[in-house]
Amino acid sequence: MNAPLLSITNVCKSFGAVVALENVSLHVGPGEFFALLGPSGCGKTTLMRCIAGFEAPDIGAITLNGADLSGVPPFRRPVNMMFQSYALFPHLDVFENIAFGLRRQGEARDAIAARVDELLAMTQLSNFGRRRIDELSGGQKQRVALARSLAPRPKMLLLDEPLGALDRKLREETQFQLKEIQRLTQTSFVIVTHDQDEALALADRIAVMRGGRVEQVAGPMEIYDHPATRFVAGFVGETNFIEGRIERHVARNPGAALIAAFGRIPCEPGDLPDGAQATLSVRPERIGVTREGEGISGVVENFVFRGETTLLRVRVAENVVLRAAAGHGARHAIGDAVKLSFPSDAGALLGGGEIG
Ligand code: ATP
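Visitor: Quick one: what's the story with unusual backbone geometry, residue by residue and with numbers?
Guide: Positive phi, close to 55°, is recorded for Asn-23, a residue that is not glycine. Mapped onto the fold, Asn-23 is located in strand β2 (residues 18-28). Looking at Asn-23, the relative accessible area reads 44%, which means it is partly exposed. One non-glycine residue, Gln-186, lies in positive phi territory at about 55°.

The following block contains the structure:
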């Protein structure tokens, strides 16, 4: 990354006995789309509020373009925040809502009109300038809120669950718009979300948080294909956890493997020593399902049709059920005997067996 725009170093924050942030460090680059992802209560809103200046860290530093932000009030930070509730002004029309920050900065009338027109066009609201807020749909309100928070050209925009109030179909469409607007404005976006699909779809990089800590920071594909911890593997996407013991290269059995309850799975054990307990995380869509041939033997216990794929639950040992996503057109019935197989690089090996 080039010199980071935002640097968070060893930030801790507690509310009484509750530790909301524990030694959080991360960096966001200029023009980057960054997501803070995690379950409710993991500290992502607190971190965002620290960046915006609504909360102060107990320890640690937050800098923007190298300048320390401690003691700088929210309105003096080159950072804007878009609230989940949008917080639009109901008594002002769309144009005036977007112009609000610019008027406060004392910009000239013509400059304000030009900037608002530019944002109306960018958010596909060109004919809505004189509409009242209560005459807009949910998606339109969301776009006004976005235009309003971008109008004063902040260096960084913080978005709290930006698509949370929209229904599923609209959310998908809006993801494309949000990405496009971020690309056009080249503003750093930091979104807070508990929705893994949203983080994967939108962000250049994702910080997965849990219990006030950052578990992993990486690009969406890396997070999905190479989760660093069991928590990340389970929280981002669906997965199977296969418990076993590492068997490293031995003369009679070339290649390392995970010895699971139902057989031997070739794998790359990395640093894990011979005999170590480990967990292999394998996504359902990486598991091929055939009626015969090589593979792990199992019996279809149940299935759900999902359109693009059919998700099968296949019992492979007395107390092990694997989920496999069979491709479109696959026909399976409860009780079918099947073979499951996946390439040795399909899984992510996590140390520590059931712990972790
Ligand atoms: P959500 O998705 O539910 O908003 P979150 O990941 O954003 O959750 P935070 O809101 O940052 O989590 O909260 C982290 C922890 O800090 C929680 O245990 C929360 O109850 C606590 N907390 C947050 N703000 C305060 C506060 N002002 N006073 C006391 N406790 C707080």
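Visitor: Can you break down the sheet that holds strand β9 (residues 205-210) residue by residue, with the values?
Guide: Taken together, six strands build an open sheet; the order of strands is β6-β7-β8-β3-β9-β10 and the sheet is mixed. Both outer strands of the open sheet, β6 (79-82) and β10 (213-218), are each paired with one neighbouring strand and no more. The sheet shows a mean angle of 20° between the axes of neighbouring strands, taken without regard to direction.

Visitor: Any chance you could break down the state of the cysteines for me, citing the residues and the numbers?
Guide: Evaluated as defined, the whole model comprises zero disulfides. With no disulfide of its own, Cys-12 has Cys-50 as its nearest cysteine by sulfur position, at a separation of 10 Å. Take Cys-42: it sits in no disulfide, and the sulfur closest to it among the cysteines is that of Cys-50, at 13 Å. Cys-42 sits in the buried class, given a relative accessible area of 2%.

Visitor: Please give an account of the side chain of Lys-13 that cites residues and values.
Guide: By secondary structure assignment, the location of Lys-13 is in strand β1 (residues 6-15). With relative accessibility at 9%, the residue Lys-13 sits in the buried group. Contact partners of Lys-13, with chain neighbours within four places excluded, come to Val-18, Val-19, Ala-20, Leu-21, Thr-46, Glu-55, Ala-56, Pro-57 and Asp-58.

Visitor: Requested: an account of the site of the ligand, with residues and values cited.
Guide: Lining the immediate surroundings of the ligand are Phe-15, Val-18, Ala-20, Pro-39, Ser-40, Gly-41, Cys-42, Gly-43, Lys-44, Thr-45 and Thr-46. Within the side chain of Thr-45, one N or O atom sits 2.3 Å away from an oxygen atom of the ligand. Contributing elements (two or more residues each) for the shell around the ligand: β2 and α1 (44-52). For the shell around the ligand, the element with the most residues is α1, which contributes three residues. Grouping the amino acids of the shell around the ligand by side-chain chemistry returns five nonpolar, five polar and one charged.

Visitor: Before we move on, could you go through the nonpolar core and cite the residues and values that matter?
Guide: Membership of the largest hydrophobic core comes to 45 residues, with the highest contact counts inside it found for Ile-98 and Leu-146. Beyond its immediate stretch of four places on either side in the chain, Ile-98 contacts Val-116, Leu-119, Leu-120, Val-144, Ala-147, Arg-148 and Ala-151.

Visitor: An account of the side chain of Thr-239 is requested, with residue identities and associated values reported.
Guide: Within the secondary structure layout, Thr-239 lies in the loop between α8 (230-235) and β11 (240-247). A polar contact is formed between the side chain of Thr-239 and the backbone oxygen of Val-282, at a distance of 3.3 Å. Beyond its immediate chain neighbours, meaning those up to four positions away, Thr-239 contacts Ala-233, Gly-234, Ser-281, Val-282, Arg-283, Pro-284 and Arg-323.

Visitor: Describe the pattern of salt bridges, naming the residues involved and giving the relevant values.
Guide: Scanning the entire structure with this criterion turns up 19 salt bridges. Residue Arg-205 is joined to Glu-32 by a salt bridge in which the shortest nitrogen-to-oxygen separation is 2.5 Å. With a gap of 173 residues between them, Arg-205 in strand β9 and Glu-32 in the loop between β2 and β3 (33-37) connect regions that are remote in the sequence. Residues Glu-96 and Arg-103 are paired through a salt bridge, measuring 2.8 Å at the closest nitrogen-oxygen approach.

Visitor: Can you break down α1 residue by residue, with the values?
Guide: The element α1 is extensively covered by neighbouring structure, given that seven of its nine residues are classed as buried. Restricting attention to buried positions, one finds in α1 the residues Lys-44, Thr-46, Leu-47, Met-48, Cys-50, Ile-51 and Ala-52. Just past α1, the residue Gly-53 takes up positive phi, approximately 100°.

Visitor: Would you mind going over the sheet that holds strand β19 (residues 337-341) in detail, with residue names and values included?
Guide: If you trace the five strands from one edge of the open sheet to the other, you get β15-β19-β16-β17-β18, paired in antiparallel fashion. Both edges of this open sheet fall to β15 (288-290) and β18 (320-326), since each of them pairs with a single strand only. Going across the sheet, the axis of each strand differs from the next one's by a mean of 45°, ignoring polarity. Of the pairings in the sheet, the one linking strand β16 (residues 296-305) to strand β17 (residues 310-317) comprises six bridges and is antiparallel in character.

Calculation notes
- Residues numbered from 1 in each chain as written.
- Predicted model: local features only at pLDDT ≥ 70, side-chain atom pairs only at ≥ 80, totals over all residues.
- Heavy atoms only, no water.
- Helix = DSSP H or I, 4+ residues; strand = E, 2+ residues; numbered from the N terminus.
- Buried < 20%, exposed > 50% of the residue type's maximum accessible area, 1.4 Å probe, protein only.
- Pairing = 2+ DSSP bridges.
- Axes fitted to C-alpha atoms, helices over the stretch in contact; angles between N-to-C directions.
- Disulfide = S-S within 2.5 Å.
- Contact = heavy atoms within 4.5 Å.
- Near = heavy atom within 4 Å.
- Polar contact = N/O pair within 3.5 Å; in protein donor to acceptor, adjacent residues only side chain to side chain.
- Nonpolar A, V, L, I, M, F, W, Y, C, P; charged D, E, K, R; others polar.
- Core = buried A, V, L, I, M, F, W, Y, C linked by side-chain atoms within 4.5 Å.
- Salt bridge = Lys/Arg side-chain N within 4 Å of Asp/Glu carboxyl O.

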